[in-house]
Amino acid sequence: MRKSVKTFWKLFFIAIGSFILFIFLCNWGLFGEMPSIEDIQNPSASLSSQVYAQDGTLMGKYYLEDRVNVDFKDISPNIIHALVATEDQRFYDHSGIDLISLLRALKGLGRKGGASTITMQTAKNLFTENWGTRNFLLRGIQKVKESIIAVKLERNFTKDEIINLYLNTVAFGDNVFGIRNASKTFFQKEPDRVDINEAAVLVGMINAPSLYNPRRNPKQALDRRNVVINRMISNNYLAANEAEKIKVQPIQMNYKKLDETTGLGPYFRMILGEEMKKWCKEHKKQNGDNYDLYRDGLKIYTTINPRMQVYAEEAVAKHMSYMQKLLNQQDNIKKGTVWNGYENVLEAAVKQSDRWRNLHKDGMKDDDIRQTFNTPIHMKVFAWNNNREKDTVMTPFDSIKYTKQMMQAGFMVMDPLSGEVRAWVGGIDFKTYKYDHVNYNTKRQVGSTIKPLLYSLAIEEAGFTPNTIVYDEQQSFGPYGMVPATSKSCSGAPMPMAEALAFSKNCATAYIMKQLDGKGNNAAIRFVDFLKNKCALQTKLEPHPSIAIGSCEISLYEMMQAYSMFPGRGFNVKPLFITRIEDKNGNTLSTFERQHKEVISDVTAYSVIKMMQGTVEFGTARALKMAYDVTGEIAGKTGTTNDNSDAWFMGYTPQLLGGAWVGCDDRFIRFNSADYNGQGSRAAMPIWAYFYEKVLQDKSLLGIDPNATFTKPDIMPNDINFDNFNTTIPITNGEGEEIGNGSAQDYVPADIKPEDIAPESQLPVNENKLPENNPIETKPKENKPPVKQPDSKNAVLPTNKQQPVPKATMPKKQGGK
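Residues numbered from 1 in each chain as written. Predicted model: local features only at pLDDT ≥ 70, side-chain atom pairs only at ≥ 80, totals over all residues. Heavy atoms only, no water.

Asker: Before we go on, may I ask you to explain the pairing of strand 17 (residues 578-582) in this structure?
Answerer: In summary, the side chains of a regular strand alternate between the two faces of the sheet. As paired strands, strand 5 (residues 299-302) and strand 17 are joined by 4 bridges and run antiparallel to one another. By the bridge assignment for strand 17, Thr302 is matched with Ile578. By the bridge criterion, 3 bridges tie strand 17 to strand 18 (residues 588-591) in an arrangement that is antiparallel. Bridge pairing in strand 18 links Ile581 to Ser590. Between strand 17 and strand 18, which pair antiparallel and follow one another directly, the connecting turn spans 5 residues, one of which, Gly586, has a positive phi of 90°. (Pairing = 2+ DSSP bridges. Helix = DSSP H or I, 4+ residues; strand = E, 2+ residues; numbered from the N terminus.)

Asker: In this structure, what is going on with the environment of Val413? I would like to understand it.
Answerer: Within the secondary structure, Val413 is located in strand 8 (residues 408-414). Once the C-alpha coordinates of Val413 and Gly651 are considered, the two residues, 238 residues apart in sequence, prove to be 9.6 Å apart. When neighbours within four sequence positions are excluded, Val413 is seen to be in contact with Val421, Arg422, Ala423, Met560, Leu656, Leu657, Gly658 and Phe691. (Contact = heavy atoms within 4.5 Å.)

Asker: Which parts of the structure should I look at to understand the state of the cysteines?
Answerer: Two cysteines, two sulfur atoms, one covalent bond between them: this is a disulfide. Inspection of the entire model under this criterion finds 1 disulfide. Disulfide pairing is shown between Cys490 and Cys507; the S-S distance is 1.8 Å. Disulfide Cys490 to Cys507: torsion about the S-S bond roughly -75°, handedness left-handed. Here Cys490 is found in the loop between strand 13 (482-483) and strand 14 (494-496), whereas its partner Cys507 is found in helix 21 (residues 506-516), with 17 residues between them in sequence. (Disulfide = S-S within 2.5 Å.)

Asker: Help me understand the sheet that holds strand 8 in this model?
Answerer: The pairing of strands in a sheet happens through backbone hydrogen bonds and is either parallel or antiparallel. Spatially, the 5 strands line up as an open sheet ordered 9-8-22-21-20, and their pairing is antiparallel. Each edge of the open sheet carries a strand with a single partner, namely strand 9 (421-425) and strand 20 (635-640). Direction aside, the axes of adjacent strands within the sheet are offset by 5° on average. Sheet topology note: the strand 20/strand 21 (residues 646-652) ladder contains 6 bridges and is antiparallel. The residue of strand 21 that forms the bridge with Ala635 is Tyr652. In this fold helix 27 (residues 685-697) packs onto strand 8, strand 21 and strand 22 (657-663), with an angle of close to 45° to the strand it touches most, strand 8. (Axes fitted to C-alpha atoms, helices over the stretch in contact; angles between N-to-C directions.)

Asker: Can you help me understand the nonpolar core in this one?
Answerer: The nonpolar side chains of a soluble globular protein tend to be buried, and buried together. Counting 154 residues, the largest nonpolar core has Phe411, Trp424, Leu453, Met513, Phe527, Phe566 and Phe691 as its most contacted members. Beyond its immediate stretch of four places on either side in the chain, Phe527 contacts Ile450, Leu453, Leu454, Leu457, Met513, Ile547 and Ala548. Formed by 42 residues, the second largest nonpolar core is a distinct cluster that contains Ile79, Ile162, Ile196 and Val201. (Core = buried A, V, L, I, M, F, W, Y, C linked by side-chain atoms within 4.5 Å. Buried < 20%, exposed > 50% of the residue type's maximum accessible area, 1.4 Å probe, protein only.)

Asker: Where do I start with empty space enclosed by the protein in this structure?
Answerer: Gaps left between atoms are located by rolling a probe of water-molecule size over the structure's atoms. Within this structure, the stated rule accounts for 5 cavities of 30 Å³ or more. Each pocket or cavity is described by its volume, and for the second largest cavity that value is around 70 Å³. In this structure, the second largest cavity is lined by 13 residues; those nearest its centre are Met407, Asn644, Gly663, Arg670 and Phe671. Looking at side-chain class alone, the lining of the second largest cavity contains 8 nonpolar, 4 polar and 1 charged residues. (1 Å grid on protein atoms, 1.4 Å probe; cavity = no way out; pocket = protein on both sides within 12 Å on 5 of 7 lines; lining within 4 Å. Points joined across faces, edges and corners; volume = space filled by probe spheres on them. Nonpolar A, V, L, I, M, F, W, Y, C, P; charged D, E, K, R; others polar.)

Asker: Looking at this structure, I do not really get the environment of Gly703. What am I missing?
Answerer: Structurally, Gly703 can be placed in the segment after helix 27. Distance in space between the C-alpha atoms of Gly703 and Leu656 is 10.0 Å, their sequence separation being 47 residues.

Asker: Explain the sheet that holds strand 5 to me, please; I cannot follow it from the model alone.
Answerer: Read from one edge of the open sheet, 5 strands run 2-1-5-17-18, paired in mixed fashion. In this open sheet, the two edge strands, each paired with only one partner strand, are strand 2 (58-62) and strand 18. Sheet twist, expressed as the average angle between the axes of neighbouring strands with direction ignored, equals 20°. Across 4 bridges, the pairing between strand 1 (residues 49-52) and strand 2 is antiparallel. Pairing of Ser49 across the sheet is with Tyr62, part of strand 2. This element, helix 12 (residues 266-282), spans strand 1, strand 2, strand 5, strand 17 and strand 18 of the sheet and lies at about 50° to strand 2.

Geometric descriptors of this kind do not, in isolation, establish any biological role.
Structure below.
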């Protein structure tokens, strides 16, 4: 044998041996980690976690890759046939590697088909990296690894299972992964209902998801669909005459992709996501790793009622678009003078903007960056239209003003007995305004909505009843000053406590606060402890006497829990919005039940309910039934804070509790103090009213009875008689709310030390009172009995005050105070 022949064979066997060694080295993980047998037998890909409403409606997802698995039996044969015909026509004949395709690719005929089989592509999707690398060496190593894994997959799975794995992991563009998501996104169909036309479109996208995306490139997608149909003919999956009919049809898309800004309840889903991240940190999988919200395909079942959520979002949009028109007509808004003295707010917003940060990264000087904010450019901004945006030309600086002048809102609805949250709207448009105004972390001055909580304390612990006579006079709290800060709204008249609440009398409320403990600040300490320990408020509250009229800042979420004790018959219930969490296979990981405790008696709760019904029937919220199509038993309380910066309405029926807040994020942007449009009855209450109108009109809503009544306790004290309760109270023009309530700082003298206003739990034993050198207040007028009951069971005071306006004369859609 000639030397050259020997050399050839020697090199040949060395090459073969080297290649075999290379394969073993790849299999052993020398060129990158390889999956274990266990990994291959239990393959997994990043799965999106799904959020479901009360009725099973898909609300949204959390994902890095938008992927949801589907079983093989739930995939249409049209998809299977199109896939095999197009991607791997000898799929059922090979064992993971198609030698014919491999030889064709090695000969440079790759234009007629690649060498990767469906099994190899599945291996790539599940187990390998460097998917799109252009490095020839890395790509070669990856191909060998794919082939090894493909052979292992073929040994561990049936052909149907491999196709199922592939279709659950393949990309379809638009960050959509898996056949179920693709069919739902592009055609709003489950994969078992996809026809041949749609199947060809979806399979056609696999080769080049962006190029053949029918949303982006309809012409290329149509051509590619027809290529898939032709291959189905060649492989005997489709008759030629039927194919010709399909090829002349257009692609009929029904595109709808769920992302963070679309779908039901985007504000709620953002808050839910934060809660789920906490849950994931506290719970581990069987392998010891924490759950990953964005990868593990969790199924989160919530208490949200889809129709109520829609009604809530519609109510906010309907009312806030109208309120924005009113605010825009205000002189200081039209002229821009509202920003006088607040230029620093605008400059801070400029430096927090994406434009500033991006230009700063590019190395532009600060002065030059600031100058660009004064140059008009084309842009999209939020607008109250169907698209919630409009094209316009304005300077970036003016766009900041425009954005900040938008009024915001928060609205939440829950079942007051179970605590289950039915609707959550955190703002006017999640796409533009991400800040949530329902969330626990969003604190706003609560104004008069705090009063029912104080009145319940007075009934529960101080012997008051709705008929107790109180005095509408400004009260002195010694060194803490006068409450309220001005006597403008004080009539000086005696009145039943129920009337004081119905017409939101600040001075009468301060009087009630005073009776809890007449010395200095002890009453405020007592009230703060009640709010913390009974109402379950988590916000840190300073015990200033002004807290009686709502100078404190509390979140809407907390106020909802605090109010639950009234329709809840004395039980405080924590809002509940998750019922259970399952893993990707449907195994229950956690369940959630209501957390409630009795905090006041049912007698106290019912007493407050009756007083708050007076607010709705003839008090500051009387427009609710006069101007809106709502019926049945409703109790509520309006709230308006200093200078109309915050407007509130808390309302409930025996079956639903809802709270609404309206205002601007910058508190100096508001309705003028003399403008009634800034009061709770006009700025916030209509949201509740529009929502409840829709609820009453929807007869299909389960558990909503418009004729439901508040449950009266079996035993009521002899000194409370609710027969004809509302008609025995004199009707007045309540002037309390429009005055505002000031802030805590308005009532604290400079020489008061921190320990003098500390909560009771922080005070030393026997030192929960003012220092001895602080003067004790004396009554500014004659001594009146603090909690004396009238002789009759229902106090009827002689009065020449104005009688209620008949409903027929009330102008439609005009609010009270």
